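Reading the structure
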Amino acid sequence: MRWRRLSWVVVPLALVVAAGAYAVGRTTGPDLATAPPGGVLVLPVLPVGADQGERRQTLETAMDDLSDAVRYGAGGIQVTADVRWLCPTETCDTAPLDPVVARAGELGLRVYLHVNSTPEWMDGRGRWYAPEGADAQRWAALFGQLVDRFGTDVAGYEVWNEPNNPAFWRQGPDAGRYADLLKAVWEETQRRDPDVRLVGGVLSNNDLGYMAELSAALAARGGDAGNGFFYDDLGVHPYSGDEDEGFAPDAPAGSADQQVPTGVKDMTFLGLERLRDQVARDEGIERDVVIGEFGYDTTPGSWYHVPEPRRAEYMAAALRRAAGWDWVRAFTPYTSTPADGDGFGIPGTESEAALRRVAADLRD
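Throughout what follows, the structure given in this document is the object of discussion. This structure is a prediction, so every number in the text was calculated from the model and none was measured. (Residues numbered from 1 in each chain as written. Predicted model: local features only at pLDDT ≥ 70, side-chain atom pairs only at ≥ 80, totals over all residues. Heavy atoms only, no water.)

Our focus in this paragraph is the overall build of the chain. When its secondary structure is counted, the chain shows 11 helices and 13 strands. Taken across its 364 residues, the chain has 58% of its residues classed as buried. Partitioning the intrachain contacts of the chain with sequence separation of at least 6 by distance along the chain shows that 77% fall at a separation of at least 24. (Helix = DSSP H or I, 4+ residues; strand = E, 2+ residues; numbered from the N terminus. Buried < 20%, exposed > 50% of the residue type's maximum accessible area, 1.4 Å probe, protein only. Contact = heavy atoms within 4.5 Å.)

Our next topic: the state of the cysteines. Overall, the coordinates contain 1 disulfide when judged by the stated rule. Here Cys-87 connects covalently by a disulfide to Cys-92, the sulfurs 2.0 Å from one another. Its torsion about the S-S bond being 100°, the disulfide of Cys-87 and Cys-92 is classed as right-handed. (Disulfide = S-S within 2.5 Å.)

Below, the discussion takes up the pairing of strand E12 (residues 289-294). In terms of burial, E12 is a largely internal element, 6 of the 6 residues being buried. Here strand E9 (residues 233-237) runs beside E12; their pairing, made up of 3 bridges, is parallel. Looking at E12, one finds that Gly-235 is bridged to Val-290. Bridge analysis of E12 against strand E13 (residues 328-333) gives 4 bridges, and the strand direction is parallel. Bridged to Val-289 within E13 is Val-328. Taken together, E12, helix H10 (residues 310-324) and E13 constitute a β-α-β crossover, and its handedness is right-handed. (Pairing = 2+ DSSP bridges. Right-handed = clockwise from strand over helix to strand, strands pointing away.)

What follows concerns the packing of helix H6 (residues 134-150) against helix H7 (residues 175-192). Orientation of H6 relative to H7, taken along the N-to-C sense of each, is 40°, at an axis distance of 8 Å. One finds that H6 runs oblique with respect to H7. Remark: the crossing between H6 and H7 carries right-handed chirality. Contact residues: H6 offers Ala-136, Gln-137, Trp-139, Ala-140, Ala-141, Phe-143, Gly-144, Gln-145, Val-147 and Asp-148, while H7 offers Leu-181, Ala-184, Val-185, Glu-188, Thr-189 and Arg-192. Residues of the contact of H6 with H7, tallied by class, amount to 9 nonpolar, 4 polar and 3 charged. (Axes fitted to C-alpha atoms, helices over the stretch in contact; angles between N-to-C directions. Parallel < 35°, antiparallel > 145°, perpendicular 65-115°, else oblique. Left-handed = near helix turned anticlockwise from the far one by under 90°. Nonpolar A, V, L, I, M, F, W, Y, C, P; charged D, E, K, R; others polar.)

As a further point, take the pattern of salt bridges. Throughout the structure, instances matching the rule amount to 22 salt bridges. Of the charged contacts in the structure, one is a salt bridge between Glu-132 and Arg-177, with a shortest N-O distance of 3.9 Å. On the criterion of sequence distance, the pair formed by Glu-132 in the loop between strand E5 (110-116) and H6 and Arg-177 in helix H7 is long-range, its members being 45 residues apart. Between Asp-135 and Arg-138 there is a salt bridge, and its shortest N-O distance comes to 2.9 Å. Of this pair, Asp-135 and Arg-138 both sit in helix H6, 3 residues apart, roughly one helical turn. (Salt bridge = Lys/Arg side-chain N within 4 Å of Asp/Glu carboxyl O.)

Written out as structure tokens, the structure reads:
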């Protein structure tokens, strides 16, 4: 339930690809099946040319971020593939992503691409009016261009952002419409590279009701265990808390249920187990899970508010729990730059130090 900061600045893309050592060619990615225990930690890295707050990512700072991810003890990185920015026409330009993906592969870091937003030429109402109807097929074709470029050098392609959240499916969340988009992307990627992994759901919180509707909608569109219901891994942003405070990551599943239009959301971190069990019953598949966002806001009066140093304790405990689940492929702390003045910022805080200590322990 977080607003993802995606205010990009477009820079001449020729400048991005000038660094030949990093910019071209498929790399041989790390072996996903033998990722080390500490590899569950995935850190966000900006594409080259992206602007977040007062910071614009350059090639040099991107390479520094990747080196720091290795020192941090991370097993991977998450990069937002903002389709509105990358695809100003029906032809996409992956230059802002190329050096980051290439260098990550050289460093043995898995890469997750968070693919989202609608181009202005497709829908002038705004980036979070999700593609529906014929636009779902057109958006899937743009997605396919990313698959053509990166293939299995990317460990997982996340399809959209929180489709159960009205902030990111502005027409109003609709599991059937998201099922259409997920199926269209799956069919497109199957034609281009059937070995890539799609991360479906990408839910805001452990939304049991919406996920039940999504599983049923995918089945109605021909989804079954044979085709994986048109996705591979289950994506979830299992923020834990309410509008006043964040809950400890060991709060029991079912202890903080919230009624929403589609049914029940389990607002605990451990509710992730409950959600995964439901998917296994509904789809007959025990999914691996990608935790694409998790965190707490240190700003008093905000959703998921937890002050430091308690936030540091909570984040460390959540990472340890995620690393102990053998079905979790990634755990990405949600953060923002200090310039944003956002309480989710992690760099330079006690939470950063705590995450680094846990990552080091897991690596050792």
